[in-house]
Amino acid sequence: MVRSPFDGALVGTVPRSLPDDVVLAVARLRVAQEEWTMRSFDDRARIFLRFHDALLDRQEEILDLVQLESGKARKHALEEVLDTAIVTRFYAVHAGDILAPKARKGALPGLTQAFQYQHPKGVVGIISPWNYPLSMGITDAIPALLAGNAVLSKPDLHTPFSLLWALDLLVECGLPEELMLVVAGAGTELGPHIIEASDFVQFTGSTATGRIIARQAGDHLTGCSLELGGKNPMLVLADADLEAAVAGAVRGAFSSAGQLCISIERLYVHESLYDRFVAEFVRATSRLKLGPALDWSCDVGCLVSAQQLATVTRHVDDAIAKGARVEIGGKARPDLGPLFFEPTILSGVVPGMTLFLEETFGPVVAVYP
């Protein structure tokens, strides 16, 4: 069962896949990939250009679904739609040149010629996260498919429907039904089997899980791409445009309620601007509206799960208990819904506080002069 983090309402149910389903899916994918790789690039690209247009035409459907699954504000759901459209069009237009054979220097220049050819990997396994269920669910698959591969995708159990919606739309636009298949289940249960059965693995998620996947992929000599977490800093230097810096800090720290791998969690401000910057940053943050609205009236949504809320609360409470100062926020907002947490700015965060080094992955940022 998938429940909306806004209010716990049921979004829908999906069948839970087992390891045997991974084996069966990969067998079907290999058959479909043989025909797909024989198609011309232009034939493949036309499908994705149709998908680009259809996605924008039907964006109201997917905006609602992304919000209901992930709990984010509508403007942040729109970022996913636009990102997916941009990535789709870029690869549909340019991947033909990227994949085209290229002349290289031969072993004996002038006497020999060499050419570089790009060949599909085969079956690409993609394990995608909950925080960007549409864009992270489908945009890694698009270049893989355009390059002639088949795709086995495992979305996070919190957010499978955005990917399934996009896949249905791709099939409507002409993608063969057996070329991209989805399995839904726990990563610990299905992940090792996806790695073992795939020819390449793409994972987006936590650094701890990324280390496990890297080891498992290494055991099979399977290529992998890992997009992991971070504790990202923003620097505000002495010559900064204060208004632009504040606007960038608000967006960088609180987009998708801070639940993205490039979220700003540390802000270092030149001492000559520090007091003015913090005052303006707090003022701009105070104007953000939290809420679960399926329209454009709210600026920030909620966290995705009780586990995520517990992590954010633990980090903030630990910092406050050890002397950090709350410039704004710092509390959960159960009056808005079970998983809302205020956009929070802290100062005085020092070593020894959990927040100082560990990734929070929520709407919390520490400022330092």
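Residues numbered from 1 in each chain as written. Predicted model: local features only at pLDDT ≥ 70, side-chain atom pairs only at ≥ 80, totals over all residues. Heavy atoms only, no water.

A. Spotlight on helix α11 (residues 274-286). In this model α11 runs 18 Å from its N-terminal to its C-terminal C-alpha over 13 residues, within 8% of the 18 Å that 1.5 Å per residue would give. Residues of α11 that are buried: Tyr-274, Phe-277, Val-278, Phe-281, Val-282, Ala-284 and Thr-285. Mapping the buried residues of α11 onto a view down its axis gives an arc of 165°, with all of them on the same face. Buried residues along α11 sit in contact with β10 (232-236), α10 (242-254), β11 (264-269), β12 (325-328), β13 (344-347) and β14 (364-368). (Helix = DSSP H or I, 4+ residues; strand = E, 2+ residues; numbered from the N terminus. Expected span 1.5 Å × (residues − 1). Buried < 20%, exposed > 50% of the residue type's maximum accessible area, 1.4 Å probe, protein only. Arc of directions from axis to C-beta. Contact = heavy atoms within 4.5 Å.)

B. The arrangement of the sheet that holds β14 in detail. The strand order across the open sheet formed by five strands is β10-β11-β14-β13-β12, and the pairing between neighbours is mixed. At either margin of the open sheet sits one strand with a lone partner, and together these are β10 and β12. Taking the axes of each pair of neighbouring strands and ignoring which way they run, one obtains an average angle of 30° across the sheet. Across the sheet, α10 touches β10, β11, β13 and β14, and the angle it forms with β10 is around 175°. (Pairing = 2+ DSSP bridges. Axes fitted to C-alpha atoms, helices over the stretch in contact; angles between N-to-C directions.)

C. Looking closely at helix α2 (residues 41-57). Between its first and last C-alpha atoms α2 spans 25 Å; for 17 residues at 1.5 Å apiece the expected length is 24 Å, and the two agree. Those residues of α2 lying buried are Phe-41, Arg-44, Ala-45, Ile-47, Phe-48, Phe-51, His-52, Ala-54 and Leu-55. Residues of α2 that are buried sit in contact with α1 (19-36), α3 (59-70), α4 (74-99), α6 (141-146) and α7 (161-172).

D. Spatial organisation of the pairing of strand β6 (residues 150-154). Of all the five residues making up β6, five are buried; the element is thus mostly covered by neighbouring parts of the structure. Burial along β6 is two-sided: the residues Ala-150, Leu-152 and Lys-154 and Val-151 and Ser-153 are all buried. The pairing of strand β5 (residues 123-127) with β6 spans five bridges and is classified as parallel. Residue Ile-127 lies in a different strand from β6, and its bridge partner there is Lys-154. Between β6 and its parallel partner strand β7 (residues 180-182), the chain crosses via α7, and the hand of that crossover is right-handed. (Right-handed = clockwise from strand over helix to strand, strands pointing away.)

E. Just the sheet that holds strand β8 (residues 200-204), in detail. Judged by pairing direction, the sheet is parallel, and its five strands sit side by side in the order β7-β6-β5-β8-β9 without closing on themselves. At either margin of the open sheet sits one strand with a lone partner, and together these are β7 and β9 (223-227). Ignoring which end each strand starts from, the neighbouring axes of this sheet average 15° apart. Where β6 and β7 come together, three bridges link them in parallel fashion. Looking at the pairing, Ser-153 lines up with Val-182 of β7. Strand contacts of α7: β6 and β7, with the helix running at about 155° to β7, the strand carrying the most contacts.

F. Seen up close, the packing of α3 against α4. It is at 9 Å that the axes of α3 and α4 come closest, and there the two elements cross at 120°. One element, α3, and the other, α4, form an angle in the oblique class. Crossing handedness for the pair α3 and α4: right-handed. Across the interface between the two elements, Gln-59, Glu-60, Ile-62, Leu-63, Asp-64, Val-66 and Gln-67 from α3 touch Arg-74, Ala-77, Leu-78, Glu-80 and Val-81 from α4. Taken together, the residues of the contact of α3 with α4 break down into six nonpolar, two polar and four charged. (Parallel < 35°, antiparallel > 145°, perpendicular 65-115°, else oblique. Left-handed = near helix turned anticlockwise from the far one by under 90°. Nonpolar A, V, L, I, M, F, W, Y, C, P; charged D, E, K, R; others polar.)

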